[in-house]
Amino acid sequence: MPAARWNFSSRARELSGGDALVISIPKSGRTWVRTFLCAYFCQRFNHDFSLEPERYEDKRIPRVIYSHDLFEHRTKADLWERMRGKYLIPQRELNRACIILLARDPRDAFVSLHVQLTRRTRETPDALKQKSASELLRDRAFGIESIVTVMNSWLAEFSGRANFHLARYESLREQPAKYFGALLAALEETSPDPRAFEDALAFSEFENMKKMEAAGAFHSKILRAGDVRDPESFKVRRGEIGGHREYLSAEDQEYSAKIMRKLAPEFGY
């Protein structure tokens, strides 16, 4: 992690003022989590669904800021942006807000990230877009070792704080009622409205999100297919647990397993 945190860029304002921070490696399920939280709080307080509920200026809805933080600092920032800390959440915000670290098996997150970079994100540089999964897996910035390093750094920085909550993608998929309930509790919604909760779970179910994305029903670039003819270009793609085995060769799986041994055991992988 950076020796000291700062953000002297104009983006610091976007990363400040939240009641909670959801921090994750890309493709760890944050759009799914965001959809659930927005669906729950919008229904709870009688608003139309929006992925940007802050537009309602309803103080009862917690403002949640979503960030890839250190991973973007490593992968997106040029030298000037890195010096200014453009993608880093300011230290004062980490000291103040609830921190939710959303984790996913780095192998599955990597595979989804590779698909996104090569099939969905138009801005991906050609040199990066042309890399095979095997090549990108070993990339210094985007590869699995970088993912593991960032996850370990976050855990070392945040764990032990009273306002810290670790949420595992796999747990959310396997027992959504239990673990989305825990997520709401972290946001001080300790007695969820039963109807809003059940409806939000159903609304954010993967098949429903895929259908709505295909139809363009979200009215947001956050959930918009890169190419509606290509299922792999969808933001909501598969969401499988262990799906990396279909994409990585035996040699790549062996390499990944070696790197995974460096991951902090607290993550449970």
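Structure: see above.
Residues numbered from 1 in each chain as written. Predicted model: local features only at pLDDT ≥ 70, side-chain atom pairs only at ≥ 80, totals over all residues. Heavy atoms only, no water.

**Remarks on the pairing of strand E2 (residues 64-67)**
Burial along E2 is two-sided: the face carrying Val 64 and Tyr 66 and the face carrying Ile 65 and Ser 67 are both buried. As defined by bridge partners, strand E1 (residues 20-24) adjoins E2 across four bridges and the pair is classed as parallel. Its bridge partner lying in E2, Leu 21 is registered against Ile 65. For the handedness criterion, the β-α-β arrangement of E1, helix H1 (residues 30-44) and E2 is classed as right-handed. (Buried < 20%, exposed > 50% of the residue type's maximum accessible area, 1.4 Å probe, protein only. Helix = DSSP H or I, 4+ residues; strand = E, 2+ residues; numbered from the N terminus. Pairing = 2+ DSSP bridges. Right-handed = clockwise from strand over helix to strand, strands pointing away.)

**Quick look at the pattern of salt bridges**
This structure, assessed with the given rule, holds 14 salt bridges. Arg 92 serves as the salt-bridge partner of Glu 93, at 3.7 Å between the closest nitrogen and oxygen. When the shortest N-O distance is used, the salt bridge between Arg 138 and Asp 252 registers 2.8 Å. With Arg 138 in the loop between helix H7 (133-137) and helix H8 (144-158) and Asp 252 in helix H13 (residues 250-260), this residue pair connects regions lying 114 residues apart in the sequence. Arg 138 sits in the partly exposed class, given a relative accessible area of 34%. (Salt bridge = Lys/Arg side-chain N within 4 Å of Asp/Glu carboxyl O.)

**Description of the side chain of Ser 16**
By secondary structure assignment, the location of Ser 16 is in the segment before E1. Engagement of the side chain of Ser 16 in a polar contact is seen with the backbone oxygen of Ala 12, the distance being 2.7 Å. The residues contacting Ser 16, other than those within four sequence positions of it, are Arg 63, Ile 65, Pro 90, Arg 92 and Glu 93. (Polar contact = N/O pair within 3.5 Å; in protein donor to acceptor, adjacent residues only side chain to side chain. Contact = heavy atoms within 4.5 Å.)

**With respect to unusual backbone geometry**
Look at Glu 57: it is not a glycine, yet its phi comes out positive at around 55°. Structurally, Glu 57 is set in the loop between H1 and E2. Given the relative accessible area of 69%, Glu 57 is considered exposed. Positive phi, normally seen in glycine, also occurs at Glu 188, with a value near 70°. Inspection of the secondary structure assignment puts Glu 188 in the loop between helix H10 (176-186) and helix H11 (194-203).

**Digging into the nonpolar core**
Leu 21, Ile 23, Ile 25, Trp 154 and Phe 267 are the most contacted members of the largest nonpolar core, which totals 38 residues. Mapped onto this core, the elements with two or more residues apiece are E1, helix H2 (69-75), strand E3 (98-103), helix H5 (106-120), H7, H8 and H13. Every residue in contact with Leu 21, bar those within four places of it in the chain, is listed here: Leu 15, Ile 65, Ile 89, Glu 93, Leu 94, Ala 97, Cys 98, Ile 99 and Ile 100. (Core = buried A, V, L, I, M, F, W, Y, C linked by side-chain atoms within 4.5 Å.)

**Focus on the environment of Ser 249**
The topology assignment puts Ser 249 in the loop between helix H12 (206-214) and H13. By relative accessible area, which is 34% here, Ser 249 ends up partly exposed.

**A look at the sheet that holds strand E4 (residues 164-168)**
Taken together, the four strands give an open sheet; going across it, the order is E2-E1-E3-E4, and neighbouring strands pair in parallel fashion. The open sheet has two free edges, formed respectively by E2 and E4, since each of these has just one partner strand. The sheet shows a mean angle of 20° between the axes of neighbouring strands, direction not considered. By the bridge criterion, five bridges tie E3 to E4 in an arrangement that is parallel. Across the sheet, residue Leu 101 finds its bridge partner in E4, namely Leu 166. H8 rests against E1, E3 and E4 of the sheet, and its axis sits at about 155° to E3. Against the sheet, H10 engages E3 and E4, with an angle of about 160° to E4. (Axes fitted to C-alpha atoms, helices over the stretch in contact; angles between N-to-C directions.)

**Focus on a nonpolar patch on the surface**
Together, Leu 79, Trp 80 and Met 83 make up a nonpolar patch on the protein surface, roughly 390 Å² of accessible area in all. Classification of Trp 80 as exposed rests on a relative accessible area of 54%. (Patch = residues over 30% accessible without salt bridge, like charges linked within 9 Å, V, L, I, M, F, W, Y side chains within 5 Å. Areas by Shrake-Rupley, 256 points an atom, 1.4 Å probe, with all protein chains shown as cover.)

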